[in-house]
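Chain and residue survey
Next come the chains, spelled out residue by residue.
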Amino acid sequence: MTPLQPILTEKIATSGPLSVSAYMQACLLDETHGYYAHTPVFGAEGDFITAPEISQLFGEMLGAFHAHLHQLFGAPENAIHFEAGPGRGTLARDMSRTYQAIAPALYNAPCYLLEASAALRAKQKEALAPQEPHFITDIKDLPQSPLFGVANEFFDALGVDQAIFHKGAWHHRLIDSHEGRFHFTIGPPLQEAAGFILPNSPIEGDIIESSPLGEAIMAQLSHHIAHYGGGILIIDYGKSDNQTDTLQAVRDHKPCDMLSYQGEADITHWVDFARLSQIAQDNKARLIGPISQGRFLQDLGIGARAEALRDPQKPEQDRTLLAAIDRLVSPAQMGQAFKVALLVPDGEGVPPGFTSLT
Ligand code: SAH
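Now for a look at the structure at hand. (Residues numbered from 1 in each chain as written. Predicted model: local features only at pLDDT ≥ 70, side-chain atom pairs only at ≥ 80, totals over all residues. Heavy atoms only, no water.)

**Topic: the site of the ligand**
- Around the ligand there are 19 residues in total, and Thr50, Gly85, Gly87, Glu115 and Asn152 lie nearest to it.
- Taking Glu115, its side chain carries an N or O atom lying 2.6 Å from an oxygen atom of the ligand.
- Measuring from a nitrogen atom of the ligand, one finds a backbone N or O atom of Ala116 at 3.2 Å.
- Here the ligand loses 96% of its free accessible area of 580 Å² to cover by the protein chains.
- Here the shell around the ligand is composed, by residue class, of 11 nonpolar, five polar and three charged. (Near = heavy atom within 4 Å. Polar contact = N/O pair within 3.5 Å; in protein donor to acceptor, adjacent residues only side chain to side chain. Areas by Shrake-Rupley, 256 points an atom, 1.4 Å probe, with all protein chains shown as cover. Nonpolar A, V, L, I, M, F, W, Y, C, P; charged D, E, K, R; others polar.)

Put into structure tokens, the structure is as follows:
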């Protein structure tokens, strides 16, 4: 039994079944027992590995991308280095090191991190030392300045709600408990669409998703970028609709049941990029892409960068480097399932990394 299990059981006993997003929120972000409240979570010793933890080349590529974007946008002097959900701070550190080498204006820019977990804030502070990041939990607390930033595997960690088609109508899909075990249940019918995009011609048992928090944060980021400029790379496993159950839980590098191990497994969903793009447009911003992560990194020259780092005297190191690149780029690994999109102010043209879209 996990410490969260009786707490959630009690909550259901007093106020009824939980929405999927409320369950995820408790499992991931409960201040004492939530998954992100304790470390390590990422990396070989954690439960899963993310792109920046695979190789520093990932952060170097994104740093070079933003150094170029900053120039394209007229090198604004009040730029901000921004990241949403920075995990252990590895990506922020690798990007900052790249800025130090090739983009002093971004290296000297204030760094703002959107992070909900106190434990991870401490890690991020350590990773960026001696630089002092500013921590926020609300986009509204950002200064009114252009953001050059990234959200890697951030949106997938924000809760989703689900609806299920049953007996000719859409119903909330909720989480109930019975004798200490949790199970999915069909809740009340949706009032109107209740924030879901309803597909045409559903059949019994179809499941759809929406991410109220993800959508709210996307709207705020789009509004900020439309008004104050800059660009934000959004990188995640994704698709272009909300149709199907995409929830997944991982523990110790293996898939597990999301209704067990509360607070001890990572729970994520696949990001609906079409929805994010619509929200950008609604806020007078533009989402370029998504494009596959493999294509993006290759077009930015990750292959050439890896070649330059190879050392014939160190074959073991070369093999590790090539294996890391393969993991980031190959379609059978992260290259295809992971997508990259760029949030920018409304306008035309596409920067390097996205030109194959045109
Ligand atoms: N970007 C990192 C880690 C991704 S995990 C990497 O690539 O390694 C998700 C991150 O988002 C964690 O840092 C988690 O604490 C943070 N997070 C999750 N929900 C959040 C929320 N509602 N507000 C702010 N940060 C959140």
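**Regarding the packing of aromatic side chains**
- Summed over the entire model, instances satisfying the criterion amount to nine aromatic pairs.
- With 5.2 Å between their ring centres and 55° between their planes, Phe296 and Phe354 make a pair best called tilted. Placement of Phe296 in helix H10 (residues 293–299) and of Phe354 in the segment after strand E16 (338–345) is noted, with a sequence separation of 58 residues between them.
- A residue is classified by how much of its surface remains accessible, and Phe354, at 0% relative accessible area, is buried. (Phe/Tyr/Trp six-rings, centres within 6.5 Å; stacked < 30°, edge-to-face > 60°. Helix = DSSP H or I, 4+ residues; strand = E, 2+ residues; numbered from the N terminus. Buried < 20%, exposed > 50% of the residue type's maximum accessible area, 1.4 Å probe, protein only.)

**Looking at unusual backbone geometry**
- The amide bond that connects Ala129 to the next residue, Pro130, takes the cis arrangement and shows omega of 5°.
- Topologically, Pro130 is positioned in the loop between helix H7 (118–128) and strand E4 (134–136).
- Of note, the amide linkage connecting Gly289 to Pro290 takes the cis form, showing an omega dihedral of 10°.
- In this fold, Pro290 is placed in strand E15 (residues 285–292).
- In this model, His253 sits at a positive phi of 65°, which is unusual for a non-glycine residue.
- Relative to the assigned elements, His253 resides in the loop between strand E11 (248–251) and strand E12 (254–256).

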